[in-house]
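Observations on the model geometry
One-letter residues, chain by chain:
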Amino acid sequence: MQENRLKSVSVIVPVYNVEQYLIKCLHSLVSQSVPFDEIILVNDGSTDDSRKICIDFKNLYSNIILLEQSNQGQSVARNHGLEIASGEYIVFVDADDYVDHNLNLCIQRQFNHCNPDMMNFGILLMSVTGARIGEIVALKHSDFEGNNFKIRRTETRFTDATGKYVHIVKEFPKSQAGVRTAIIPKDYEWLVRAVKLQ
């Protein structure tokens, strides 16, 4: 029987000159219905007010950790965060994005339902009419085949034309060609290799 306990989750946010987006991003991370264990901000040598915003949030929230480095790029910043992350699982968030207030709740439900080794969170598209479309993909090691992976479970959430909230869960969703698959982008091949080592 699957153990239903909260998994510890560390969020890593590389920060570089994103002052116009950062407050909204950080508010979304600290306002979770199920709080993240730690939120690691890696200031990548910002020259705008991003560093000050990070410090302000760090002083307000005990689960925020701030790391500083000279400008070396997003990948180095993420790796810097990984060096100190204490969570069982890692979530990467870009500083110019924001997340749903139930993101960690969705993560916990996915872990308790199918214990994936990795999850991919689809972009939530918001149209001027208020239509929202989002998707979460849960993966296991066995789902990877070369540069492709099979999609094990999806959750799609959106508001339909009448304003009704719709939440659809699909197990092993099928395309016309069989089990639905996706290609791993080149930029994320390192992450797949890391997952397979676990």
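Residues numbered from 1 in each chain as written. Predicted model: local features only at pLDDT ≥ 70, side-chain atom pairs only at ≥ 80, totals over all residues. Heavy atoms only, no water.

Attention now goes to the packing of aromatic side chains. Tallied over the entire structure, the rule returns 2 aromatic pairs. Here the aromatic rings of Phe57 and Tyr61 are separated by 6.0 Å at their centres, their planes lie at 20°, and the arrangement is stacked. Assessed through its relative accessible area of 6%, Phe57 is described here as buried. Taking relative accessible area as the criterion, Tyr61 reaches 27% and is therefore assigned partly exposed. Across the ring face of Tyr98, the terminal group of Lys24 is positioned such that the distance to the ring centre comes to 4.3 Å. (Phe/Tyr/Trp six-rings, centres within 6.5 Å; stacked < 30°, edge-to-face > 60°. Buried < 20%, exposed > 50% of the residue type's maximum accessible area, 1.4 Å probe, protein only. Lys NZ or Arg CZ within 6 Å of the ring centre and 35° of its normal.)

A full pass over the atoms with the stated rule returns 3 salt bridges. In this structure, Arg51 and Glu68 form a salt bridge, with 2.8 Å as the shortest nitrogen-oxygen distance. Taken together, the residues Arg51 in helix α2 (residues 50-60) and Glu68 in strand β3 (residues 64-69) connect sequence positions 17 residues apart. Note on Glu68: relative accessible area 37%, which makes it partly exposed. (Salt bridge = Lys/Arg side-chain N within 4 Å of Asp/Glu carboxyl O. Helix = DSSP H or I, 4+ residues; strand = E, 2+ residues; numbered from the N terminus.)

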